[in-house]
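# Analysis of the macromolecular model
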Protein chains: 2
Amino acid sequence: MRIDLNRAAQLLCDNDNILILSHQNPDGDTLGSALALTFALRKLKKTVSVYCTDGFPENFKFMYNGEKPCIPDTSEPYIVAVDVASPVLLGDKMSDYYDKINLCIDHHSSNTDYAEYTLLESDSAATAEIILKLIDFLGAGIDTQIATCLYTGISTDTGCFRYSNTTAQSHRFAARLIECGIDFSEINRQMFEVKSVSRIAVEQYVLNSVRYFHNKKCALIYITKDILHKTGSNENELESLSSVPYQIKGVKIGITLRERENGYKISVRTAKSINAAEICAQFGGGGHLRAAGCFINGGLEEVIQKISEAADKALSENEKLKKQKSL
Amino acid sequence: MRIDLNRAAQLLCDNDNILILSHQNPDGDTLGSALALTFALRKLKKTVSVYCTDGFPENFKFMYNGEKPCIPDTSEPYIVAVDVASPVLLGDKMSDYYDKINLCIDHHSSNTDYAEYTLLESDSAATAEIILKLIDFLGAGIDTQIATCLYTGISTDTGCFRYSNTTAQSHRFAARLIECGIDFSEINRQMFEVKSVSRIAVEQYVLNSVRYFHNKKCALIYITKDILHKTGSNENELESLSSVPYQIKGVKIGITLRERENGYKISVRTAKSINAAEICAQFGGGGHLRAAGCFINGGLEEVIQKISEAADKALSENEKLKKQKSL
């Protein structure tokens, strides 16, 4: 059942022995939201535990600060899931809890309404923005520790206010949180600047691999198993690398290849006028207008040839269309 | 003479035939501020020209949109300098104007008070924030074009709200500007993500050059003339590269070398507990606690040895101090 902020605050007031859950592969928003709500409810003298199936990653230490993920022994806690769009995102180990969530607080429009009560605000850039409003409703007050968690949630989910999901509300809340005296520049350094030695090594290989096609309007990079092995890095560290080719000036099609069994997983990003999904559909893939993916069987050079030919064709057609329009 | 917003607005109201000047090597703040003020004053039916000695760079096209840098023929315009801390920053070609600035609007605390009247707010992260307040005072209203210029000024001077100079005001103004319907995600993509082909090539060389010292607590990169030559890139494109070594996880001293005549210009960035200025002072340089610079004569390997030894010593001393404290 969908509920509003007022009702959600009431439910939290009426219950005690609360267990707050984050989604697996935790990011800044799910952890920041869970921790902020935990600290706020404790200020109201509630007994609260917070848990994530994958633990609390070390890079978020500045938020949890000694707090440990914990499921209480007591029977029947009041269970709150934050930033969790579907119960399976709680992780396999949590399957006993899938149908036991009392309250879900989320901003994903894809939320499956699996909880008894759901507070959903899909126009919020981050769940942390909803938690901030909820803490206001609860009257718990925002201290530096809570502000640190909420700011991290908003900043990470908006790419430090860069992405198009950022709203005026995101900025207004950031203003309030900054006024609580948080060290936001250090938070942003930790979240957006610090790179592992192995990540730097991967970047080195990846930049060495840049290939250009169609008069440098198409750029392609590849990450082979061999590169991962040589640099000792893992898949998680590659997250943002697929944006590299499309970041190059003048590039209209950016392509990233990642080696898998028997072939390459391909991600394609395109400029406004070129359909990425159409390019990927030729290889049985799909996606959105400007970001799509597919899989191509074969060795590196063979796969590069196939996908670069498809990109070449798309660019040629686009140029033809532009010429016709200008005539 | 220092004046407040009210008086600055009055001066602009009382005058016409206004020339607005940006500083040389224009950045997003000086150009965004100058253009926003130009467009706002024109809404009030003023005749306004805007000029920068280095022209309007192409990457800011989305702000000036057909507007051309121009000094009017008419005698004695009312001259306003924005984001210009000292008249020499107007550029050599503008030396006739150095003592003719009627009004200066700036946020640099180092402003030399060279203008007849100066509106200085050094607690503003960007001059664009002061211009926004001034436009409010003038009652000109903020349209999408003006909002685009002001947002660019704030975003670029705060590193997209990452740097410690960002204030609650920066965020609140960003919220207002976003509500004007600007394409802020595209602005941020242009300002922070798009890289030239030659910049990508330099990064490739630079990442290949990373060297680690002192158990990977010190990282060093170098940019030789040869690299610039091979990649066809210029000094402007190297701006943010000196932050690369300090971005590596675990690194406490990040060092960047740039080849000059007979030696290397060195920039040093350090973690909180290590004094960068002290390291650089050993070579006749100086700077701040956490960011300093110096010049060392000699060939590449010789210079690397000298500066890495100084870093090694600083790290050893720091570790000794830490040990003593924990005893």
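Analysis parameters
- Residues numbered from 1 in each chain as written.
- Chains lettered and ligands numbered in written order.
- Predicted model: local features only at pLDDT ≥ 70, side-chain atom pairs only at ≥ 80, totals over all residues.
- Heavy atoms only, no water.
- Helix = DSSP H or I, 4+ residues; strand = E, 2+ residues; numbered from the N terminus.
- Buried < 20%, exposed > 50% of the residue type's maximum accessible area, 1.4 Å probe, protein only.
- Contact = heavy atoms within 4.5 Å.
- Lys, Arg positive; Asp, Glu negative; His and termini not counted.
- Charge placed at Lys NZ, Arg CZ, Asp CG, Glu CD.
- pLDDT = per-residue confidence, 0-100.
- Phe/Tyr/Trp six-rings, centres within 6.5 Å; stacked < 30°, edge-to-face > 60°.
- Lys NZ or Arg CZ within 6 Å of the ring centre and 35° of its normal.
- Polar contact = N/O pair within 3.5 Å; in protein donor to acceptor, adjacent residues only side chain to side chain.
- Least-squares fit on C-alpha atoms with pLDDT ≥ 70 in both.
- Salt bridge = Lys/Arg side-chain N within 4 Å of Asp/Glu carboxyl O.
- Pairing = 2+ DSSP bridges.
- Axes fitted to C-alpha atoms, helices over the stretch in contact; angles between N-to-C directions.

Our focus in this paragraph is the overall build of chain A. Secondary structure assignment for chain A yields twelve helices and eleven strands. Reported as C-alpha extents along the three principal axes, the dimensions of chain A are approximately 65 × 50 × 40 Å. Among the 327 residues that make up chain A, the fraction classed as buried is 56%. Considering only contacts within chain A whose residues lie at least 6 apart along the sequence, 64% involve residues at least 24 apart. Of note, chain A has its 36 positive side-chain charges centred 9 Å away from the centre of its 41 negative side-chain charges.

This part takes up the confidence of the model for chain A. Averaged over chain A, the pLDDT score is 93; the fraction of residues at 70 or greater is 100%. Both scores are available for the predicted complex, with the pTM at 0.86 and the ipTM at 0.85.

One pass over the full model with this rule turns up seven aromatic pairs over all chains. With a centroid separation of 6.2 Å and an interplanar angle of 50°, the aromatic rings of Tyr151(B) and Phe184(B) are classed as tilted. In this pair, Tyr151(B) sits in helix α5 (residues 144-157) while Phe184(B) sits in helix α7 (residues 184-193), placing the two residues 33 residues apart along the sequence. When sorted by exposure, Tyr151(B) lands in the same class as Phe184(B), which is buried. The structure contains a cluster of three or more aromatic residues connected by ring pairs, namely Tyr151(A), Phe161(A), Phe184(A), Tyr151(B), Phe161(B) and Phe184(B). Above the face of the Tyr117(B) ring, Arg7(B) is positioned so that its terminal group lies 5.4 Å from the ring centre.

A separate point is the side chain of Ser198(A). All names here are of chain A. Of note, Ser 198 is situated in helix α8 (residues 197-208). A polar side-chain atom of Ser 198 sits 3.2 Å from a polar atom in the side chain of Ser 196. Excluding residues that lie within four positions of it along the chain, Ser 198 makes contacts with Thr 231, Gly 232, Ser 233 and Glu 237.

Our focus in this paragraph is the relation of the copies chain A and chain B. You can overlay chain A on chain B at an RMSD of 0.3 Å; the transform is a turn of 180° with a shift of 0.1 Å along its axis. The symmetry that links the two subunits is that of a two-fold axis. Comparing interface residues between copies, 100% of those in chain A also sit at the interface in chain B, which points to an isologous, same-surface contact.

Before going further, it helps to spend a moment on the pattern of salt bridges. Enumeration according to the criterion identifies 30 salt bridges over all chains in this entry. Residues Arg176(A) and Asp136(A) are paired through a salt bridge, measuring 2.8 Å at the closest nitrogen-oxygen approach. In this pair, Arg176(A) sits in helix α6 (residues 168-178) while Asp136(A) sits in helix α4 (residues 127-138), placing the two residues 40 residues apart along the sequence. On the accessibility criterion, Asp136(A) (40% relative accessible area) is partly exposed. With a closest N to O distance of 3.5 Å, Arg189(B) and Glu186(B) form a salt bridge. One end of the pair is Arg189(B) and the other is Glu186(B), both in helix α7 and three residues apart, which spans about a single turn. Residues joined by salt bridges that share partners form a network here, namely Lys195(A), Arg199(A) and Glu203(A).

All names here are of chain B. Read from one edge of the open sheet, six strands run β6-β7-β8-β9-β11-β10, paired in mixed fashion. Here the strands that pair on one side only, and so sit at the sheet edges, are β6 (211-213) and β10 (286-287). Examined bridge by bridge, strand β7 (residues 218-223) and strand β8 (residues 253-260) share six bridges and lie parallel to one another. Counted as the bridge partner of Ile 221 is Thr 256 from β8. The strands touched by helix α12 (residues 300-326) within the sheet are β6, β7, β8, β9 (263-270) and β11 (291-297), with β8 carrying the most contacts at an inclination of about 160°.

The subject of this paragraph is the pairing of strand β7 (residues 218-223) of chain A. Residue and element names in this part refer to chain A. Counted residue by residue, β7 has six buried out of six residues, so it is predominantly covered. Here three bridges tie strand β6 (residues 211-213) to β7, and the two strands are oriented antiparallel to one another. Within the sheet, the bridge partner assigned to Tyr 212 lies in β7 and is Ala 219. Connecting the antiparallel pair β6 and β7 is a turn made up of four residues, with His 214 showing a positive phi of about 50°.

On to the environment of Glu129(A), then. All names here are of chain A. Turning to its location among the elements, Glu 129 is positioned in helix α4. Judged by its relative accessible area of 0%, Glu 129 is buried. Separated by 123 residues in the primary sequence, Glu 129 and Lys 252 have C-alpha atoms spaced 34 Å apart. Ignoring any residue separated from it by four or fewer positions in sequence, one finds Glu 129 in contact with Ser 124, Ile 154, Thr 167, Gln 169, Ser 170 and Phe 173. Among the polar contacts listed, one links the side chain of Glu 129 to the side chain of Gln 169, at a separation of 2.6 Å.

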